[in-house]
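The primary structure of each chain is shown beneath.
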Amino acid sequence: MERKKRVLVKFSGEALAGESGFGIDNAILKFIAKQIKELVENGVEVGIVIGGGNIIRGVSAAKDGIIKRTSGDHMGMLATVINSIAMREALEKAGLIVRVQSAIKMEAICETFIVGRAQRHLEKGRVVIFAAGTGNPFFTTDTAATLRAIEIDADMIIKATKVDGVYDKDPKKFEDAKLLRELTYELAMNDNIKVMDDTAIALAKDNKLPILVCNMFKDGNLLSIINGDDSAFCSVVKN
Ligand code: UDP
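Because the structure is predicted, anything quoted here is derived from the model rather than measured.

Colleague: Explanation requested: the nonpolar core in the structure shown.
Modeller: Core analysis: the largest hydrophobic core is formed by 44 residues, its most contacted members being Phe-11, Ile-36, Val-46, Ile-48, Met-87, Leu-91 and Ile-158. In terms of residue count, the dominant contributor to this core is helix H2 (residues 26–41) (7 residues). Discounting residues that sit within four places of it in the chain, Ile-158 has contacts with Val-7, Leu-8, Val-9, Lys-10, Leu-212, Cys-214, Leu-222, Ile-225 and Ile-226. Judged by nonpolar contacts, the second largest core, of 27 residues, contains Leu-8, Phe-113, Ala-145 and Val-166.

Colleague: Help me understand helix H5 (residues 115–123), please; the structure alone is not making it clear to me.
Modeller: Residue pairs three or four apart in sequence face the same way in an α-helix, which turns once every 3.6 residues. Every buried residue of H5 is listed here: Ala-118, Gln-119, His-121 and Leu-122. Taken down its axis, H5 places every buried residue within 160° of arc, on the same side. One or two steps after H5, the chain reaches Gly-125, where phi turns positive at roughly 85°.

Colleague: Could you clarify how one ought to interpret the pairing of strand E1 (residues 6–11) in this entry?
Modeller: Along any regular strand the residues' side chains alternate between the sheet's two faces. A large share of E1 lies buried, amounting to 6 of its 6 residues. Side chains Arg-6, Leu-8 and Lys-10 of E1 all project onto a buried face; the interleaved residues Val-7, Val-9 and Phe-11 project onto the opposite face, where all are buried too. Two strands pair when backbone bridges link them, and E1 and strand E2 (residues 45–50) are joined in this way by 6 bridges, in the parallel orientation. Residue pairing for E2: Phe-11 is matched across the bridge by Ile-50.

Colleague: Is there a simple way to think about the site of the ligand in this case?
Modeller: Within the structure, the ligand sits among 19 residues, and Arg-57, Asp-73, Thr-134, Asn-136 and Thr-141 are positioned closest to it. The contact in question runs from an oxygen atom of the ligand to an N or O atom on the backbone of Gly-58, over 2.8 Å. A distance of 2.5 Å separates an oxygen atom of the ligand from a polar atom in the side chain of Thr-141. When isolated, the ligand has an accessible area of 520 Å², and the protein chains bury 92% of it. The biggest single contributor to the shell around the ligand is helix H4 (residues 69–93), with 3 residues. Looking at the shell around the ligand, its residues break down into 4 nonpolar, 12 polar and 3 charged.

Colleague: Can you help me understand the sheet that holds strand E10 (residues 211–215) in this one?
Modeller: Pairing between sheet strands relies on hydrogen bonds along the backbone, with the strands arranged either parallel or antiparallel. Sheet architecture is open: 9 strands sit in the order E4-E3-E5-E2-E1-E6-E10-E11-E9, paired in mixed fashion. For this open sheet the edge positions go to strand E4 (111–112) and strand E9 (182–183), each flanked by a neighbour on one side alone. Here E9 runs beside strand E11 (residues 234–237); their pairing, made up of 2 bridges, is parallel. Bridge pairing in E11 places Glu-182 opposite Val-236. Its contacts with the sheet place H4 against E1, E2, strand E3 (98–102) and strand E5 (127–131), and it is angled at close to 165° to E5. Against the sheet, helix H6 (residues 141–151) touches E1, E2, E5 and strand E6 (156–161), its axis set at about 175° to E1.

Cut-offs used in this document
- Counting restarts for each chain: residues are numbered from 1 in the order of the written sequence.
- Local features in this predicted model are restricted to residues of pLDDT 70 or higher, and side-chain atom pairs are both shown and tallied only at a pLDDT of 80 or more, whereas totals for entire chains, interfaces and linings draw on every residue.
- Just so you know, side-chain values use all the structure's heavy atoms and leave hydrogens and water out.
- To qualify as a nonpolar core, a set must consist of buried Ala, Val, Leu, Ile, Met, Phe, Trp, Tyr and Cys residues joined through side-chain atoms within 4.5 Å.
- Only protein chains enter the area calculation, which uses a 1.4 Å probe; residues under 20% of their type maximum are buried, those over 50% are exposed, and those in between are partly exposed.
- The numbering of helices and of strands both runs from the N terminus, where a helix is a DSSP run of H or I of at least 4 residues and a strand a run of E of at least 2.
- We call two residues in contact when some of their heavy atoms are within 4.5 Å.
- Relevant arc is that of directions from the helix axis to the C-beta atoms, nothing else.
- DSSP calls a pair of strands paired once it identifies at least 2 bridges connecting them.
- A cutoff of 4 Å decides nearness: a residue is near a molecule or strand if any of its heavy atoms lies inside that distance of it.
- In protein, a polar contact requires one atom able to donate a hydrogen and another able to accept it; more generally it is a pair of N or O atoms within 3.5 Å, and residues adjacent in sequence count only if both atoms are side-chain atoms.
- Computed with a 1.4 Å probe, the accessible areas rest on the Shrake-Rupley method; for each residue, only the protein chains presented here act as cover.
- Each residue receives one of three labels: charged for Asp, Glu, Lys and Arg, nonpolar for Ala, Val, Leu, Ile, Met, Phe, Trp, Tyr, Cys and Pro, and polar for the others, Gly being one of them.
- Between the N-to-C directions of two axes lies an angle of 0 to 180 degrees, each axis being a line fitted to C-alpha atoms and, for a helix, fitted only over the stretch in contact.

Here it is as structure tokens:
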């Protein structure tokens, strides 16, 4: 029997915050839950990673030297756990079965990340949210998402953003900015484009993991992307 499609969707923490840029907007959680439910109902196995930027980032926490960078990063990773719990609630409310697995042990709150266990959950149609990044400071949740995508043998990583995909230059500054439907990993690392940080892109490239950058606020877009519809709003990074 052919294996079902398996994807890892990465949301930034800021995506959850809505207009205010801070905290968690329940209306956005509900919208995301609807999009994820559509995937699961269509037989897609879904892993999720959420950032923590709506609460705290290590670099900003440590900027005046009072908080050490490693401690700031611990705080950032804990922020991703807060977001993951919120997302679990919204997904469960939508009728899905969900497990949160943290890279840092927190047994009273969620499971600890164990790849084989995550895979069993996915095979059973449960959504798995991978929390606490990689568990190590000095990494980003984009890198954590790429790592988890490779570990669970996902077919692709979808970076859910506020824009339709990757542009050749900043569309806010240049009217003639062009949406690139397809680009290479090398181009994705280019300073003007920067789809994700270099560590994440290098990891994806080494493991031939396609990166899809898409607009998460278009209803039904995630499913269109996975179905390969021409109408899908996204860019694909691959070799
Ligand atoms: N972080 C970390 N290790 C990881 C992933 C994340 O230390 O493997 C920390 C880091 O401080 C980061 C914060 O968690 O700034 C939140 O993650 P990120 O900035 O990637 O969130 P996003 O920008 O996606 O909201």
